[in-house]
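If you want the building blocks of each chain, they are given just below.
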Amino acid sequence: MATVNDGAVPLMEVWRGGLLECVHEGHAVICDAKGVVAAWGNPDAVIYPRSSAKMLQALPLIETGAADARGLSQAHLALACASHRGAHVHVDMAGRWIADLGLSEADLRCGAHEPGDLTERDRLIRAGEKPCQLHNNCSGKHSGFLTVTQHLKAGPEYIEIDHPLQKAIRAATEEVTEETVAGWGVDGCSAPNFAMSVGALARGMAKFATAREGHGAREDAMVRLSRAMAAHPHLISGEGQACTELMRAMDGRVAIKGGAEAVYVAIVPEKGLGIALKVVDGGYRASEAAVAALLAKVGVLDPAHPAAVKRMAGVQKNWRGMETGFYRLAPGFPG
């Protein structure tokens, strides 16, 4: 089994004072319906997809009939795939979703953390309130988990590896990626996260990209999820964030999703392509630069768009506004 270090190649460089200060290495794969179209690094490197796999984890929400039974909207489906910033729009929607199930915030199993959204963070501080589980960036995913659990009449501990929900997620993951999971770990939100190769993750995204309505329950579910993400970029991450800004820059034509430790995926229906990448050192600036570069390479993102420019290359400044260096894509990537 290839580890994350095996065969990694430079994806991004950071320069200071005329010297190369930092190199972010990683792996990136583009797949179509037939297989690998292009690759940098090692497609067989095994990683945890982390939150980039939320579309896979949301498949049972639709395939079990739970989403339709509860009358979930397209926005609900987007939130189920989100790693949101805990802004009011995110927290309010997750809270109403849970209440509509007849449940409460205490039924979530994701844990609480401070919201990334500064407006909501400051509101909590002024009000003397503590963050709750609805502020967790995965509260939408867990709301979906609870919806499936309730629909299946399964037990409340839906994050346990032998729970019917997690068994369904594992089965869907293996079927879509065409690879037996290489193991599993506990994610930041306490849910299982199934390990797979970067190539398998890209292959899975290509399945989403080539799915068509009316070609079975699985493909219908894939289409609904990817369309929901692309149609509601503000729910997927939040204002100022790469996922939200880059999807807006592509006018709803592409769904992209980041994951912890610098994983990124993209679903490109008009090209029939799936993209997956992993930066070995977990550097988000490199994963954001890499996904923007690959989207530009396949012709769906204008490289001159401000959302792309600021991530692929730029000047570094210190706290006094002095220029200290620059960052850029590594020579040869993406070619």
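In this report, we go over the structure that sits alongside the text. Per chain, the residues get numbers from 1 upward, laid out in the order the sequence is written. For a predicted model such as this one, the threshold for reporting local features is a pLDDT of at least 70, and the threshold for listing and counting side-chain atom pairs is 80 or more; totals across whole chains, interfaces and linings nevertheless cover every residue. Calculated side-chain values reflect all of the structure's heavy atoms, with hydrogen atoms and water omitted.

1. Notes on the packing of helix H8 (residues 164-177) against helix H9 (residues 198-210)
Two elements in contact, H8 and H9, have axes separated by 8 Å at closest approach and are oriented at 90 degrees. Looking at the two axes, H8 sits roughly perpendicular to H9. Facing Glu175, Val176 and Thr177 of H8, the residues of H9 in contact are Ala200, Arg203, Gly204, Lys207 and Phe208. When residues are sorted by character, Ala, Val, Leu, Ile, Met, Phe, Trp, Tyr, Cys and Pro go into the nonpolar class, Asp, Glu, Lys and Arg into the charged class, and all the rest, Gly among them, into the polar class. For the contact of H8 with H9, the per-class residue count stands at three nonpolar, two polar and three charged. Whenever a helix is involved, its axis is fitted only over the stretch in contact; in every case the axis is a line through C-alpha atoms, and angles between N-to-C directions fall within 0 to 180 degrees. Only DSSP runs of H or I covering at least 4 residues are called helices, and only runs of E covering at least 2 are called strands; the numbering of each starts at the N terminus. Any angle from 65 to 115 degrees is called roughly perpendicular, while one under 35 is roughly parallel, one over 145 is roughly antiparallel, and all others are oblique. Should any heavy atoms of two residues lie within 4.5 Å, those residues are considered in contact.

2. Brief notes about the packing of helix H5 (residues 88-100) against helix H7 (residues 139-152)
Here H5 crosses H7 at 10 degrees, and the two axes come no closer than 10 Å. With respect to each other, H5 and H7 are oriented roughly parallel. In this structure, H5 uses Ala94, Trp97 and Ile98 to contact H7, whose residues at the interface are Ser139, Gly140, Ser143, Gly144, Leu146 and Thr147.

3. Notes on the side chain of lysine 257
Checked against the element boundaries, lysine 257 lands in strand S8 (residues 255-259). A 1.4 Å probe rolled over the protein chains alone gives each residue an accessible area, and that area as a share of the maximum for its type sets the label: buried under 20%, exposed over 50%, partly exposed in between. For the purpose of counting charges, residues Lys and Arg are taken to be positive, whereas Asp and Glu are taken to be negative. His and the chain ends are not included. Definition used for salt bridges: Asp or Glu carboxyl oxygen within 4 Å of a side-chain nitrogen of Lys or Arg. Here lysine 257 is buried and forms no salt bridge, its nearest opposite-charge partner aspartate 187 lying at an N-O distance of 9.2 Å. Whenever two N or O atoms come within 3.5 Å, that pair is a polar contact, provided that in protein one can donate a hydrogen and the other can accept it, and provided that, for residues adjacent in sequence, both atoms are side-chain atoms. At 2.6 Å, the side chain of lysine 257 forms a polar contact with the side chain of serine 83.

4. Here we look at the nonpolar core
As used here, the term nonpolar core means buried Ala, Val, Leu, Ile, Met, Phe, Trp, Tyr and Cys residues forming a set that is joined through side-chain atoms within 4.5 Å. In this structure, Leu59, Phe208, Ile256, Leu295 and Phe333 are the most contacted members of the largest nonpolar core, which totals 107 residues. In this structure phenylalanine 208 touches Met55, Leu56, Leu59, Val176, Met222, Leu225 and Ile267, once residues within four positions along its chain are discounted.

5. Regarding the packing of aromatic side chains
Pairing of aromatic side chains requires ring centres within 6.5 Å, counting the rings of Phe and Tyr and the six-membered ring of Trp. Pairs whose planes differ by under 30 degrees are stacked, by over 60 edge-to-face, and all others tilted. Across all of its chains, the model carries three aromatic pairs by this definition. A ring pair is formed by tryptophan 15 and phenylalanine 326, whose centres lie 6.0 Å apart and whose planes are at 5 degrees; its orientation type is stacked. You can see tryptophan 15 sitting in strand S1 (residues 9-16) and its partner phenylalanine 326 sitting in strand S12 (residues 323-329), a full 311 residues away along the chain. A ring pair is formed by phenylalanine 145 and tyrosine 158, whose centres lie 5.8 Å apart and whose planes are at 65 degrees; its orientation type is edge-to-face. On the criterion of sequence distance, the pair formed by phenylalanine 145 in helix H7 and tyrosine 158 in the loop between H7 and H8 is long-range, its members being 13 residues apart. Judged by relative accessible area, tyrosine 158 falls into the buried class, the value being 0%.

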